[in-house]
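# Structure assessment
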Amino acid sequence: MKKITLLLALALTSVAAFAQEIDKIGARASSDYAGGSGGHDSRNTGFGIKGGLNFADIYGDNKKNYTDGSNYKSFHAGIYGQYGFSDKFSIQPELLYTRQGFKGGSTYTNGTTTTTVNERRLDYVQAPVLLVYNILDNVSIHAGPQFSLLTKVVEDGKERKIANEGNTYGYSYSSIDYGVSAGAEARVGPARVGARYTAGFADVINNQIAVAGNKAIEDVKNSVFQVYIGVGFAR
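To start, this report covers the structure provided alongside it. Counting from 1, residues in each chain are numbered in the order their sequence is written. The predicted origin of the model limits local features to residues at a pLDDT of at least 70 and limits the giving and counting of side-chain atom pairs to 80 or more, whereas totals for whole chains, interfaces and linings rest on all residues. With hydrogens and water stripped out, all remaining heavy atoms of the structure feed into the side-chain values.

A word on the overall build of the chain. When helices and strands are counted, the chain shows one helix and 12 strands. Listed by position from the N terminus, the elements making up the chain come as α-β-β-β-β-β-β-β-β-β-β-β-β. In the chain, buried positions account for 47% of the 235 residues. Here the analysis covers contacts within the chain between residues at least 6 apart in sequence; of these, 68% occur between residues at least 24 apart. The method behind every accessible area is Shrake-Rupley, applied with a 1.4 Å probe, and residues are considered shielded solely by the protein chains displayed. Accessible surface for the chain amounts to roughly 10,900 Å². Of this, 62% is attributable to carbon and sulfur atoms. To qualify as a helix, a DSSP run of H or I must reach at least 4 residues; to qualify as a strand, a run of E must reach at least 2; elements of each kind are numbered from the N terminus. In this scheme, a residue with accessible area under 20% of its type's maximum is buried, one over 50% is exposed, and one in between is partly exposed, where area comes from a 1.4 Å probe on protein chains only. The contact criterion used is simple: two residues touch if any of their non-hydrogen atoms lie within 4.5 Å.

To continue, consider the packing of aromatic side chains. Pairing of aromatic rings covers Phe, Tyr and Trp, the last counted by its six-membered ring, and requires centre-to-centre distances within 6.5 Å; plane angles under 30 degrees mean stacked, over 60 mean edge-to-face, and any other angle means tilted. All chains considered together, the criterion is met by nine aromatic pairs. Between Phe-55 and Phe-225, the ring centres sit 6.3 Å apart and the planes meet at 35°, which makes this aromatic pair tilted. Linking Phe-55 in strand 1 (residues 46-59) with Phe-225 in strand 12 (residues 221-233), this pair joins segments that are 170 residues apart in sequence. The exposure class of Phe-225 is buried, given its relative accessible area of 6%. Ring centres 5.8 Å apart and planes at 80° place the aromatic pair Tyr-83 and Phe-85 in the edge-to-face group. For Phe-85, a relative accessible area of 56% puts it in the exposed group.

The subject of this paragraph is a nonpolar patch on the surface. A surface patch of nonpolar side chains, amounting to about 1,100 Å² of accessible area, comprises Phe-47, Ile-49, Ile-79, Leu-95, Val-125, Phe-147, Leu-149, Ile-176, Tyr-178, Val-180, Phe-201 and Phe-233. Mapped onto the nonpolar patch, the elements with two or more residues apiece are strand 1, strand 6 (139-155) and strand 9 (176-188). The dominant element in the nonpolar patch, judged by the number of residues it contributes, is strand 9, at three residues. Inspection of the secondary structure assignment puts Ile-176 in strand 9. Patches were defined on residues exceeding 30% relative accessible area and lacking a salt bridge, with like-charge contacts within 9 Å and nonpolar side-chain contacts (Val, Leu, Ile, Met, Phe, Trp, Tyr) within 5 Å. Salt bridge, as used here, is a side-chain nitrogen of Lys or Arg placed within 4 Å of a carboxyl oxygen of Asp or Glu.

Whether a set of points on the 1 Å grid over the protein atoms alone is a cavity depends on a 1.4 Å probe fitting there but being unable to get out, while an open set qualifies as a pocket with protein on both sides within 12 Å along at least five of seven lines; lining residues are those with an atom within 4 Å of a point. Grid points are joined across faces, edges and corners, and a volume is the space filled by probe spheres set on the points. Size it by volume and the largest pocket reaches roughly 250 Å³. Lining of the largest pocket is provided by 13 residues; of these, Tyr-108, Thr-115, Glu-155, Lys-158 and Tyr-169 occupy positions nearest its centre. In terms of residue count, strand 5 (residues 113-136) provides more of the lining of the largest pocket than any other element does, four residues in total.

Of note in the backbone geometry, Asn-167 takes a positive phi value of approximately 55° without being a glycine. In this model, Asp-219 sits at a positive phi of 55°, which is unusual for a non-glycine residue. Mapped onto the secondary structure, Asp-219 falls in the loop between strand 11 (205-206) and strand 12.

Let us look at the nonpolar core. With 15 residues, the main nonpolar core has Tyr-66, Leu-122, Leu-150, Tyr-171, Tyr-173, Val-204 and Ile-205 as its most contacted residues. Of all the elements in the fold, those that place two or more residues in this core are strand 4 (89-110), strand 5 and strand 6. The contact partners of Tyr-173, leaving out residues within four places of it in the chain, are Arg-120, Leu-122, Leu-150, Val-153, Glu-155, Arg-160, Ile-162, Val-204, Ile-205 and Asn-206. Take the buried Ala, Val, Leu, Ile, Met, Phe, Trp, Tyr and Cys residues and link them wherever side-chain atoms come within 4.5 Å; each set so joined is a nonpolar core.

In this section: the pattern of salt bridges. Within this structure, the stated rule accounts for 11 salt bridges. Lys-221 is the salt-bridge partner of Asp-203, the closest N and O atoms lying 3.0 Å from each other. Here Lys-221 lies in strand 12 and Asp-203 lies in strand 10 (residues 191-203), a separation of 18 residues in the sequence. Ionic pairing is found between Asp-219 and Lys-221, a salt bridge with its closest N-O pair at 3.0 Å. It is possible to trace a salt-bridge network through shared partners that takes in Lys-50, Glu-94 and Arg-196.

Written out as structure tokens, the structure reads:
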């Protein structure tokens, strides 16, 4: 968690510095959304597409029960809309496909079967709703809640059910996640580049069947650092 916090702080500092340099050479808010702004402040009202990299992991009391843990690197992509209340504040809902997960070995026994899993991939449809504040003409910070629906689980390259149907796996995955996102973004004309950290509050794994000798692998939550690029269009 401390590493992720440090990475986010460094990324936000870099985004702000980049935006200040762009501001020196004359990129202004009036060109933030391509094609005009329909009578609205173009910094704050429009829509667009975005995508980037995920550096996903988990946090929680039982993370210690996973061996050789590391980030799961993947991607996210989707669309966003933005509506300005003033020249400083706007709200930005998004709809993203995000591939998350984590690396870390766990061994469990279910009946007479012992299974080891070293990598988990979790595919979500995610909907953040962010409050955006412009701190400069071309740099903003944002924060807000996010809600996610788990659509697919892959363990060590093999797809499995989200639920523990028929007690096949010994545990299930939470189909819903929720949490908070926060980050910063710089804009260069209609283009944008940003960094964000998202912390999930729901347990990734639940309903683990208690078997003597098995370590608890519940009480772990999603933790994702993202970097992205995007392009905006006028409403």
